[in-house]
Number of protein chains: 2
Amino acid sequence: MRLNRESKIEIIAVGSELLTPFFNETNSLYLTQRLNDLGLEVSFKTLVGDERENLLKAIRVALSRSYLIIATGGLGPTEDDKTRETLAEALQRKLIFKEDLLKTIERRFKRRRLEMPAVNKKQAYIIEGSEFFKNKNGTAPGLWLDTGNNVIVLLPGPPHELKPMCEESIWPRLEKFSRFYVSRKVLKIAGLTESKVETLISDLYPKAISVSINTLAYPGQVEIHLTAHALKSMKEAEGMIKKIEEQMLARLGNNIFSTSGEELEEVVGKLLRFKNKTLAVAESCTGGLLSNRITNVPGSADYFLQGVVVYSNKAKIDSLDISPAILQKHGAVSLQVAEAMAEAAKKRANASYGLSITGIAGPTGGSAQKPVGLVYVALATEKGTKVIKNIFPGNRKNVKFQSSQKALDMLRRYLQKMPTVINKTKE
Amino acid sequence: MRLNRESKIEIIAVGSELLTPFFNETNSLYLTQRLNDLGLEVSFKTLVGDERENLLKAIRVALSRSYLIIATGGLGPTEDDKTRETLAEALQRKLIFKEDLLKTIERRFKRRRLEMPAVNKKQAYIIEGSEFFKNKNGTAPGLWLDTGNNVIVLLPGPPHELKPMCEESIWPRLEKFSRFYVSRKVLKIAGLTESKVETLISDLYPKAISVSINTLAYPGQVEIHLTAHALKSMKEAEGMIKKIEEQMLARLGNNIFSTSGEELEEVVGKLLRFKNKTLAVAESCTGGLLSNRITNVPGSADYFLQGVVVYSNKAKIDSLDISPAILQKHGAVSLQVAEAMAEAAKKRANASYGLSITGIAGPTGGSAQKPVGLVYVALATEKGTKVIKNIFPGNRKNVKFQSSQKALDMLRRYLQKMPTVINKTKE
């Protein structure tokens, strides 16, 4: 096998549904991730329907330009499923009936007390010269064929069939031919814009030899994806990551909230649990999103006591005892109301901390003084209450998300007992 | 121009980020939708990186097998952006400098009081024989080139640049060559599983001549996408849709909650607004998701009064006056507590309706009597309180979503004053 970094790799996703506006092809993202883990990069992705003619064209193109070809889908029992037959045609190879494969498929039906439909018999044929992989979660077997010119892998389309087959049979086979040890790390950042992050770290790019750096920006969150390729050992790859990670930590400090894949709500949850503290929240414009994110974390009942969604002024008065005079004087979207909401949330639930959000998510409700995107976020602690004024860009859902992110990040920074190093928002 | 139903159409998405595990290519879904609207179907999608050699191969393959080629991305000003140059190379055509295009790009920078970087000059070159489209939202112009053998369209990659350019310049050009009138409709269903929906409508499939039917299943929601192709007129296409839609409505009745693209929370919001009613909610296991979905709808402040997230027993007692005796006797996840929560939510906010959810979202907290996925959903109205017991499959987030969906759907059915025709859940 001559697979190396210069070999071209192509993924072919087969299925007419992939050429409709409704389906987002995602198997290839998983395949790419795991290939990358082996130091192997994808050069082409082709999506093609079930028609024999187009599929044949796509396979012929792949055979001519790529060494390793991974095709997904089209291995089912119906007339529409033609990947196996069409590959055989492109390679001018016969299909061979496998008695033991048929028995495996029949057993699968028997276990479910069903008779195998006649159409499934075609799944017991493999291409001359290929090896097959049994499918634990379906009837379509996988195929591995090394022709000398190409290595071709056929995989079933459903992710819950494809992934276990890859983990068990495909990656171990490709692993021994990989010339690289790959280590990855994701640094997640809150409280800084993408351009600010870029300004702080851009001079590190040229120093990151053999480490690729991808920066991804979401509303309220920036991620730096580090991938190191080492020739000698995994330790070497990890060392390369560690070096650049330390340089980035020195620049970005506690703006990085996670280096192990955790979401901000998970980090906050762990800190609360670790410090044996509890939380209550009061939300206006986020309408329950903050509570929802906190409670997406399994076990959050241990530290999250309660939340209120006080959308109307009446609800703010009735549920949180916000003074009608303050609402009248400053308006519902104000520093004073945010402060009172956080303190009331904390007090009512007898919680260690109270978080509150009040703002204008839009698209309507804004004014010259209080534009859409204006959001006050407050944190009440044993040491008093802090309020941050923000102007968030984007649509209603984006404003809601950034507001909840800001609230979680205020609490994280407080719990980490570190000063807010860089903060673009005004107090 | 010979574009017709037999012409092959290919989308090429250019960009090395599209071959990483991090990016999901979505421009092609939009392009496919709009091409389908014109009765044109996509035969191939190719994703390729920025390297000249691979890009050249991908373009040559497309030129040989497809008539209409729409390429997105790689039109920027940097070294990495090579789509324009590589297409010119594949066609052996020159790049021509366009003075007026340069002026347009320069003006764009001037308006922002910036000087145009020298690299942007290359965006003022077009391929010999092509027409260009100015970009209102960026610097990269689009290109249209008819070589006689192929029609090739180059579009900028950012969706907010690509979409307006397509709407303004590309679809009107392709429209006149379309041989079909296309009408679409999406029927959204809550309260039935995908297999139940299939059982109820599968005999309609053969009757739906020239209407394609795609069924998509999500947790708590099934969608039927109908697409009709007519030769004579849009009225004919709409008539074809109407016919099959009426047959489906007869089978599925008020299990269909939307035929115009609306989400369930929007449908419920409109019904509340129309009937001049208000809503308050009390959530346990959904942790704010229900409130969050309701308040994702702009203007929801008009009918949504307040929500409480009562995660702990103490919160249920303090915030909703749930009797400690009931909690003690039946447990927090019980019909009785769900009922009391819905009634308390309604009463406290003085709302027309109260919705409540209490259950076990998992992964922990389940038992033999009360397994993970057990969720009680209650609706309190002027006529009394109804509770539905559910066992939802899936992980924590899936259980949360299905619970919120059930709550919204109970209220929708009540507001529509229609009986619950088919209901797989037990009372």
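What comes next is a walk through the structure. These figures come from a predicted structure and were not determined experimentally. (Residues numbered from 1 in each chain as written. Chains lettered and ligands numbered in written order. Predicted model: local features only at pLDDT ≥ 70, side-chain atom pairs only at ≥ 80, totals over all residues. Heavy atoms only, no water.)

Focus: the interface of chain A and chain B
Right, on to step 1. Across the boundary between the two partners, chain A contributes 62 residues, which contact 63 residues of chain B.
Right, on to step 2. Between chain A and chain B, a total of about 5,100 Å² is buried, with carbon and sulfur atoms accounting for 54% of that surface.
Right, on to step 3. At the surface where chain A touches chain B, the tally comes to two salt bridges.
Right, on to step 4. Note that A:Glu53 and B:Lys8 form a salt bridge whose closest N and O atoms lie 3.7 Å from each other.
Right, on to step 5. In this structure, the connection of chain A to chain B is made through 31 residue pairs in polar contact (both at pLDDT 80 or more).
Right, on to step 6. Tallied by class, residues from the side of chain A that touches chain B come to 25 nonpolar, 25 polar and 12 charged. (Contact = heavy atoms within 4.5 Å. Buried area = accessible area lost by both parts, 1.4 Å probe. Salt bridge = Lys/Arg side-chain N within 4 Å of Asp/Glu carboxyl O. Polar contact = N/O pair within 3.5 Å; in protein donor to acceptor, adjacent residues only side chain to side chain. Nonpolar A, V, L, I, M, F, W, Y, C, P; charged D, E, K, R; others polar.)

Examining the relation of the copies chain A and chain B
Right, on to step 1. Note on the identical chains: chain A maps onto chain B by a rotation of 179 degrees and an axial translation of 0.3 Å, with an RMSD of 0.5 Å. The transformation relating the two chain copies, once decomposed into turn and shift, fits a two-fold axis.
Right, on to step 2. Interface residue correspondence from chain A to chain B reaches 100%, placing this contact among same-surface, isologous pairings. (Least-squares fit on C-alpha atoms with pLDDT ≥ 70 in both.)

Quick notes on helix H1 (residues 27-37) of chain A
Structurally, the α-helix is built with 3.6 residues per turn, so residues lying three or four positions apart point the same way.
Right, on to step 1. Within H1(A), eight of the 11 residues are buried, which leaves it mostly tucked inside the rest of the structure.
Right, on to step 2. A:Gly39 lies just past H1(A) and shows a positive phi near 80 degrees. (Buried < 20%, exposed > 50% of the residue type's maximum accessible area, 1.4 Å probe, protein only. Helix = DSSP H or I, 4+ residues; strand = E, 2+ residues; numbered from the N terminus.)

Brief notes about the pattern of salt bridges
All names here are of chain A.
Right, on to step 1. Here the structure, examined in full by the defined rule, presents 42 salt bridges over all chains.
Right, on to step 2. Residues Asp302 and Arg273 are paired through a salt bridge, measuring 2.7 Å at the closest nitrogen-oxygen approach. Remark: Arg273 occurs in helix H8 (residues 264-274) and Asp302 occurs in the loop between helix H9 (289-295) and strand S14 (304-310); sequence separation between them is 29 residues.
Right, on to step 3. Linked by salt bridges that have partners in common, Arg34, Asp37, Glu167 and Arg184 make up one network.

Focus on the sheet that holds strand S9 (residues 181-189) of chain B
Residues and elements named next belong to chain B.
Right, on to step 1. Within the open sheet, the four strands sit side by side as S10-S11-S9-S12. Their pairing is antiparallel. Strands at the two margins of the open sheet, each flanked by one partner only, are strand S10 (211-218) and strand S12 (256-258). Mean inter-strand twist for the sheet, computed between neighbouring axes without regard to direction, equals 30 degrees. (Pairing = 2+ DSSP bridges. Axes fitted to C-alpha atoms, helices over the stretch in contact; angles between N-to-C directions.)

Examining the packing of aromatic side chains
Right, on to step 1. One pass over the full model with this rule turns up eight aromatic pairs over all chains.
Right, on to step 2. Where B:Tyr353 meets B:Tyr414, the ring centres are 5.7 Å apart and the plane angle is 70 degrees; that geometry is what we call edge-to-face. One end of the pair, B:Tyr353, is in strand S15 (residues 353-359); the other, B:Tyr414, is in helix H13 (residues 396-415), with 61 residues separating them in the sequence.
Right, on to step 3. Under the relative-accessibility criterion, B:Tyr353 is labelled buried at 1%.
Right, on to step 4. Lying over the aromatic face of A:Phe97, A:Lys121 brings its terminal NZ or CZ to 5.1 Å of the ring centre.
Right, on to step 5. Over the face of the ring belonging to B:Phe44 we find B:Arg65, whose NZ or CZ atom lies 3.9 Å from the ring centre. (Phe/Tyr/Trp six-rings, centres within 6.5 Å; stacked < 30°, edge-to-face > 60°. Lys NZ or Arg CZ within 6 Å of the ring centre and 35° of its normal.)

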